[in-house]
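Structural features, examined
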Amino acid sequence: MDFALSGTHRLLQQAAREFAQKELAPLAEKVDREHYFPVESVKKLGEMGFMGVFVPEKLGGAGMDFLSYVIVMEEVAAACAATSVIVSVNNSLVCAGLLQFGTESQKRDLLVPLASGKQLGCYCLSEPDTGSDAAAQRTRATRNGSGWIIEGAKNFISSALHADWAIVFAMTEPDRGSKGITAFLVDTKSPGFEVGKAEMKLGICGSATSQITLNGVRVPEANVLGEVNGGFKIAMTLLESGRIGIAAQALGIGRAAYEAAVKYSKERVAFGKPISANQGIQWYLCDMAVRLENSRNLICKAAWLKETGQPFGKEAAMAKLYASESANWIANKALQIHGGNGYLKEYPVERYFRDARVTEIYEGTTEIQRLVIARHILKD
């Protein structure tokens, strides 16, 4: 849907691509191999305004629209998928949460440094025994004087080891189920807030994913995000728009794999001619290009609906479903085109293959997306 981009969007796309290819792409192999959290890159992304793309300038952000965020996500992911996770969480889950549900003092004190990239946030919803069933929270928050005490554990938390603030979801009235969950803004330096080691993962290795344990963490009343017992709505609202960002991430990974495949097919000679001359290879490349174009169109439509204040839940799920499945298909075929070389660490396609896999899992699995889409279809 490039035809829908304004002149400003195109300038942003160019700037983001130049920055990502110059600053992020050269570090991508190191980030992956060493499970290295790119602190320097995150600082530069903040200076570019990419850690709070759609946050108003007066609140520390770049003051752009949601489509601009999608553009940035694709370019960052095409250069370094792990870095794009850090950008995604800080933008669509943390900054968006504060922007939409935070009080004026929360926005002033927390959103400004987070959106400007001076601080970093993480989002704590998943638990060791509750993945897709987000309503079955076991983490508990109980009132204590003028605040709350939180006990529990959170799993698969991106950026946990480097975050300054965490949005933590906990049961405040367990008997009410999803209507008894509250969101809290927790200072990660609080006593009892413990972050485990970075998990050794298949892909997206530099995003520092860890388990968090909350042992009697005290949180003041002023750090409740939104309303008490209104946390489940906040969680689902943020995930809904976050899916568009992850779809854009998948698009970026898929595009990088596609571009690598095109380049390699022109250079690799077999039986006296470039393998790109073979119809079988051409068909793979054709299908890759179609999947990328369709992914981009779905993503841009969902972003446009959100930006214009229209319902976008179904479209966000469609974009996430299609783009993530396409990224995995494209990365698989790109590796196949590379043949034996694609299986070597020397070539980036094996990294794209590994990085793409998680896009079908986090912020709502492929199966959850199909449930969401089906509910919308049957409700209409």
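Coordinates for the structure precede this section.
What comes next is a walk through the structure. (Residues numbered from 1 in each chain as written. Predicted model: local features only at pLDDT ≥ 70, side-chain atom pairs only at ≥ 80, totals over all residues. Heavy atoms only, no water.)

**A word on the pattern of salt bridges**
- Under the criterion given, the structure shown has 22 salt bridges.
- Notably, a salt bridge pairs Lys197 with Glu199, separated by 3.7 Å at the nearest N-O pair.
- Overall, the relative accessible area of 60% leaves Lys197 in the exposed class.
- The exposure class of Glu199 is partly exposed, given its relative accessible area of 27%.
- Close ionic contact of Glu267 with Lys263 constitutes a salt bridge, the shortest N to O distance being 2.9 Å. Here Glu267 pairs with Lys263, and both are found in helix α6 (residues 231–267), just four residues apart, close to one helical turn. Here Glu267 and Lys263 have matching classes, each one exposed.
- Beyond isolated ion pairs, a larger network of salt bridges with shared partners links Arg17, Glu74, Glu75, Arg255, Glu259, Glu293 and Arg296. (Salt bridge = Lys/Arg side-chain N within 4 Å of Asp/Glu carboxyl O. Buried < 20%, exposed > 50% of the residue type's maximum accessible area, 1.4 Å probe, protein only. Helix = DSSP H or I, 4+ residues; strand = E, 2+ residues; numbered from the N terminus.)

**Overview of helix α4 (residues 81–101)**
- The terminal C-alpha atoms of α4, which comprises 21 residues, lie 28 Å apart, in line with the 30 Å expected from a rise of 1.5 Å per residue.
- The sharpest bend along α4 reaches about 30° and sits at Cys95.
- Counted residue by residue, α4 has 19 buried out of 21 residues, so it is predominantly covered. (Expected span 1.5 Å × (residues − 1). Bend = angle between axes of the 7 residues up to and from the residue.)

**Here we look at the side chain of Glu315**
- Checked against the element boundaries, Glu315 lands in helix α8 (residues 313–338).
- Buried within the structure, Glu315 lacks any salt-bridge partner; Lys314 is the closest side chain of opposite charge, at an N-O distance of 4.4 Å.
- When residues no more than four places from it in sequence are discounted, the contact partners of Glu315 are Lys301, Ala302 and Leu305. (Lys, Arg positive; Asp, Glu negative; His and termini not counted. Contact = heavy atoms within 4.5 Å.)

**Details of the packing of aromatic side chains**
- In total, this model carries seven aromatic pairs according to the counting rule given.
- Residues Tyr264 and Tyr347 carry aromatic rings whose centres are separated by 6.0 Å and whose planes lie at 90° to one another, so their mutual orientation is edge-to-face. Note that Tyr264 is positioned in helix α6 and Tyr347 in the loop between α8 and α9 (349–357), a separation of 83 residues in sequence.
- Using a relative accessible area of 24% as the deciding quantity, one classes Tyr347 as partly exposed.
- An aromatic cluster is present here, built from Phe54, Phe66 and Tyr69 joined pairwise through their rings.
- A cation over a ring is seen here: Lys30 above Tyr36, with NZ or CZ 4.7 Å from the ring centre. (Phe/Tyr/Trp six-rings, centres within 6.5 Å; stacked < 30°, edge-to-face > 60°. Lys NZ or Arg CZ within 6 Å of the ring centre and 35° of its normal.)

**Structural notes on unusual backbone geometry**
- A positive phi angle is found at Ile204, which is not glycine, with a value near 45°.
- Summarising the element assignment, Ile204 is placed in the loop between β6 (193–195) and β7 (210–220).
- Within the chain, Phe271 stands out as a residue other than glycine whose phi angle is a positive 55°.
- Along the chain, Phe271 turns up in the loop between β9 (269–270) and β10 (273–274).
- With relative accessibility at 86%, the residue Phe271 sits in the exposed group.

**Things to note about the environment of Leu114**
- Relative to the helices and strands, Leu114 resides in helix α5 (residues 104–115).
- Residues Leu114 and Asn90, 24 residues apart in the sequence, show an inter-C-alpha distance of 7.4 Å.
- The residues contacting Leu114, other than those within four sequence positions of it, are Met51, Asn90, Val94, Cys95, Leu98, Gln119, Leu120 and Gly121.

**Focus: the pairing of strand β5 (residues 181–187)**
- Burial analysis of β5 places six of its seven residues in the buried class, the great majority of the element.
- Bridging between strand β4 (residues 165–171) and β5 involves seven bridges; their strand directions are antiparallel. When the bridges of β5 are listed, Phe169 appears paired with Ala183.
- Where β5 lies against strand β8 (residues 224–225), two bridges are found, and the strand directions are antiparallel. Bridge pairing in β8 places Ala183 opposite Leu225. (Pairing = 2+ DSSP bridges.)

**Some remarks on helix α7 (residues 279–307)**
- In a regular helix each residue adds 1.5 Å, so 29 residues correspond to 42 Å; α7 covers 42 Å between its end C-alpha atoms and thus fits that length.
- Residues Ile281, Leu285, Met288, Leu292, Ser295, Arg296, Ile299, Cys300, Ala302, Ala303 and Leu305 constitute the buried set of α7.
- Residues of α7 that are buried sit in contact with α3 (66–79), α6 and α8.
- Just downstream of α7, Gly309 is the residue with a positive phi angle, here 75°.

**Examining the environment of Ala327**
- Tracing the backbone through its elements, the reader meets Ala327 in helix α8.
- Judged by its relative accessible area of 2%, Ala327 is buried.
- C-alpha of Ala327 to C-alpha of Gly254: the two residues are 73 residues apart in sequence and 4.3 Å apart in space.
- Aside from chain neighbours lying at most four places away, what touches Ala327 is Ala250, Gly254 and Ala356.

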